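Observations on the three-dimensional arrangement
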Amino acid sequence: IFIVVILGYIALGVVAWVHGDPRKVIYPTDSYGQFCGQRDTLNENKTILFYFNILKCASPVVLINLQCPTTQLCVSKCPDRFATYIDVQASYRYRPDQWNYFRQFCKPGFNNPRKSIAQVLRDEDCPSMIIPSRPFLKRCFPDFSTKNGVLTVANQTTFKDGRGKTRNVTDLREAANGINNVLDARSVGMKIFEDYAISWYWILIGLFIAMMLSLLFLVLLRFTAGVLFWIFIFGVIGIIGYGIWHCYWEYDHLKGIPGSDLTVYDIGFQTDFKVYLQLRQTWLAFMIILCGVEVIIILMLIFLRNRIRIAIALLKEGSRAIGYIMSTLFYPIVTFLLIAICISYWAVTAVFLATSGEPVYKVMANQTLCKYANLTCDPETFNTTNVTKLCPGAQCTFAFYGGESLYHKYIFIFQLANAFVFLWLVNFAIALGQCTLAGAFASYYWAYRKPADIPLWPLFSSFGRAIRYHTGSLAFGALILAIVQLIRVILEYLDHKLKGTQNSFTRFLLCCLKCCFWCLEKFLKFINRNAYIMIAIYGKNFCTSAKEAFFLLMRNVEFLLLHSVGVLAFFFFTQRIPVFAQEVPMLNYYWVPLLTVIIGSYLVAHGFFSVYAMCVDTLFLCFCEDLERNDGSTAKPYFMSASLHRILGKKKLSPKKAAG
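Source: prediction; values computed, not measured.

Turning next to helix H14 (residues 411-445). Across its 35 residues, H14 extends 51 Å between first and last C-alpha, which sits within 8% of the 51 Å expected from 1.5 Å per residue. Most of H14 sits out of view: 27 of its 35 residues are buried.

Here is the structure:
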C-alpha cells in the first residue's frame, strides 16, 4: 500500500506539473492575462504591474492576488510624479514631453490626446491620475513616507484624483496598508544578506566548534554521567526546597492582613488568578503539595538507589556504544536529506497545484446597473457581443486563475492529499532512522564479547534489514502518526477560521480537541519509538512490537522513571555550546551571525544527541529484555556489560565475559 501511495504521489506531482504554471506566482499578470517581464513577448521589458486607479483596491492582499477591480498594465517603471489626464491633455500641444511621459501608463497603442476626456475615462484608455510610486513585489505602490508624524506621498499631503476632486493621501491608506513596513523589511533583508556574506566563514567555524564539543561531550559522558545526574537530582531537590520556603514565607507574611484568612470556597471562582494569591490557604496548599513531592523524591532516592546506579550505567554504556559505532553519529545527515527531499517535493507540488488554473476573464463595467458585470467572458469574442452596447465602457479583463473542469474542482482535495502523503513520508524517514540506529545499537548490546562480537558495518547492515524486511511495519507506524498530525493541521485551520466567532462553546470544544490530539501524538511517538526498537531486535510486525514494548516498559516502570530522569538530566546540561571568536568583522546586525551560530549549534548538537538518546533507549529495552530472558547462568548468560552486571550483584560473569 505504501509503495502504491508513493506511485500515486508521483502521478499527482506529474499531473500538477503538467497543468501548473509557477510563472503565475513569479510574474504579475495584466488585465489581458499576459505576464509582465516574460521573455519573447511584448512585455519582456515591462516587468512591473501598474494599477489605473489604486483607490479601487481594498487592501494589498487584493493587489497581490491580482483581483483589484481596475485596469492593470505592465510598465517598465513606476510613475515618479503627480499628474492628471485632464492637465496633461490640456497642455499636450505646448508641452508634448508631459504627454509622452503620461501615455506610457495608458493602454498600449493609445496616442489620441484629442479624444474627449469622458470617453477616455469611460473606456479606461488612460488612468485619470498617476502618483509617485515605487515597485514592490513587481507592482507599483504609492511612495509613502512620514514627515513630522504626517503621512505624505512625495512630501505632499493632498493630490488631484483627475475627476475634479482633491483627495488626501490618507485615502490611499486602505490600498497600501502596511506597505512601508514591508518595504523597510526589504532593506533589512539586504543588510542581513551582506552580514552573511561577510561573516560566513566565522559561522562555519562556530558550527565546527559546536560539532567537536558535542562529540567530545559524548565521549566524556561515560565518565561524567553520574556527576551530571546527581547534580540534576539535587538541583531539583534544592529548587523544590526553595519553593517550600517561599510558600511558607508568603503564608506567614499574609498573617493578619484583612481578607487573607478567607477560603477558596468563600470567594468562589475568579478569572483573575492573582486573587487566590492573596489567600493564606492558597500558599498553604502549595507548600503541602511541594512537601509531598519532596518527600516522594527523597524516598525514591533512598529505596531505588540501586536502580539509579543502573540508570547512570546505561547513560555511560550509551557513550561506550557510540564509541564503538562512530558511524551512527553521521546518520542524521541521511534523515535530514530524506526529509529535505520530501519538503522540496511537497512545496513544488503545492505551488504547481495552486497555479493549475486557466485564465478567467470577467466583465468589468463602469455602470453599477450593468447586468453583465462580474460575469465571465471571452476576450476574443467580447467586442462582437451586445454587452458593450448595453453597458458602454464595459471591458472583458483578466480576473484570476481558475477553471470548471473536474481536475480544477478537486484541487483542494489534491492539496490535502499532498499534505497527508508528505506527513506520511516524513514520519517514515524518521522511523527508518530510528529503526536503523536501534538495530545498530542492539547488535552492540547482544554481542556477548564486546567489541569482538560486534558485526562488521553494523549501521549499514541495520539499514539494509530495515529497508528489506521492515518497510511495511515502519510505514504502518508512520501512517498512524500522519493521520493524527493531519487532524491536528485541520483543527489548527478551523481554529484560525473561527477566531472571530463569539461562540464560547465552539472555541472551548476546539481547544479541548487540539489538546487531546496533541497528547495523542506525543503518546504515539513514544509508542512508535519503542516499537521500532523491538522491530529492529526481533523483526516482528508493528502491532506485536508495540504491544511487547509497552508491556516490557510497564513491567519495568521504576527503571523507566529513572531512565527518563537520567535522559532529562543529560539534555538539561547540553543546551549551551560555547562559541569562540578571535576577531569580529564590522556588521550591520551582530545578532545575524550570533543567532545563526546558536541555532546551527543547537541543530548540530541535536543531531548528535538524538543519536545518543536513541542509543540509550535501545540499550534500556535490551537491558529489560535481557533481565527477563536470562538469569546469568551458564545456560542463560547475561549479555549486559560487566559494569551493569556488577551493579546487579547477582552471579559472576563467566571468564570469557569478564575478559570481554
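Next, the rest of the story.
Attention shifts here to the state of the cysteines. One pass over the structure, following the stated rule, counts three disulfides. Paired through a disulfide, Cys36 and Cys74 show a sulfur-sulfur distance of 1.9 Å. The S-S bond linking Cys36 to Cys74 shows a torsion near -80 degrees; that makes this disulfide left-handed. You can see Cys36 sitting in the loop between helix H2 (23-26) and strand E1 (48-51) and its partner Cys74 sitting in strand E2 (residues 72-75), a full 38 residues away along the chain. In this structure Cys36 comes out as buried when scored by relative accessible area, which is 1%. For Cys74, a relative accessible area of 7% puts it in the buried group. Between Cys106 and Cys126 runs a disulfide, and the two sulfur atoms are separated by 1.9 Å. Measuring handedness by torsion sign, the sulfur bridge of Cys106 and Cys126 sits at about 110 degrees and is right-handed. Taken together, the positions of Cys106 in the loop between helix H5 (96-102) and helix H6 (117-123) and Cys126 in the loop between H6 and strand E4 (129-130) put the pair 20 residues apart, joining distant regions of the chain. Taken as a pair, Cys106 and Cys126 share a single burial class, namely buried.

The geometry of H14 relative to helix H15 (residues 458-469) is characterised by a closest axis approach of 8 Å and an angle of 130 degrees between their N-to-C directions. Looking at the two axes, H14 sits oblique to H15. You can see that H14 and H15 cross each other, and the crossing is right-handed. Contacts between H14 and H15 involve Leu432, Cys435, Thr436, Leu437, Gly439, Ala440 and Ser443 from the first element and Pro458, Leu459, Ser462, Phe463, Arg465, Ala466 and Ile467 from the second. Among the residues forming the contact of H14 with H15, the class breakdown is nine nonpolar, four polar and one charged.

Now for the packing of aromatic side chains. Here a ring pair, both rings aromatic, is described through the centre-centre distance and the interplanar angle of the planes. One pass over the full model with this rule turns up 23 aromatic pairs. Considering the side-chain rings of Phe2 and Phe428, the 4.7 Å spacing of their centres and the 40 degrees angle between planes classify their relative orientation as tilted. Note that Phe2 is positioned in helix H1 (residues 2-19) and Phe428 in helix H14, a separation of 426 residues in sequence. Accessibility assignment for this pair places Phe2 and Phe428 in one class, buried. Pairing Tyr445 with Trp446 gives two aromatic rings, centres 5.1 Å apart and planes at 80 degrees, and the pair type is edge-to-face. Across the pair, Trp446 and Tyr445 agree in class, each one buried. Taken together, the aromatic side chains of Phe2, Phe420, Trp424 and Phe428 make up a single cluster linked through ring pairs. A cation over a ring is seen here: Arg81 above Tyr101, with NZ or CZ 3.7 Å from the ring centre. The ring centre of Tyr538 lies 5.6 Å from the NZ or CZ of Lys540, which sits over that ring.

Thresholds, definitions, all that
Think of each chain on its own: its residues are numbered from 1, step by step along the sequence as written. Per-residue local features of the predicted model are confined to residues with pLDDT of at least 70, and side-chain atom pairs are confined, for both listing and counting, to 80 or more; whole-chain, interface and lining totals are unaffected and use all residues. Side-chain measures were taken over the full set of non-hydrogen atoms in the model, leaving aside hydrogen atoms and water. Numbering goes from the N terminus for both helices and strands, where a helix is a DSSP run of H or I of at least four residues and a strand is a run of E of at least two. Take the residue count of a helix, subtract one, and multiply by 1.5 Å to get its expected span. Under the scheme applied here, a residue whose accessible area is under 20% of the maximum for its type counts as buried, over 50% as exposed, and between as partly exposed, the area being computed with a 1.4 Å probe on protein chains only. Throughout, a disulfide means two cysteine sulfur atoms within 2.5 Å of one another. Convention adopted: a line fitted to C-alpha atoms gives each axis, helices being fitted over their contacting stretch, and angles between N-to-C directions are expressed from 0 to 180 degrees. Working definition: roughly parallel below 35 degrees, roughly antiparallel above 145 degrees, roughly perpendicular at 65 to 115 degrees, and oblique for all remaining angles. Crossing chirality is assigned from the near helix's rotation relative to the far helix, an anticlockwise turn below a right angle marking it left-handed and a clockwise turn marking it right-handed. Contacts are assigned to residue pairs with any non-hydrogen atoms lying within 4.5 Å of each other. Gly is placed with the polar residues, together with every amino acid not listed as nonpolar (Ala, Val, Leu, Ile, Met, Phe, Trp, Tyr, Cys and Pro) or charged (Asp, Glu, Lys and Arg). When the centres of two rings from Phe, Tyr and Trp lie within 6.5 Å, Trp using its six-membered ring, the rings pair. Their planes under 30 degrees apart give stacked, over 60 give edge-to-face, and anything left gives tilted. Lysine and arginine charges are scored as sitting over a ring when NZ or CZ, respectively, is within 6 Å of the ring centre and within 35 degrees of the ring normal.

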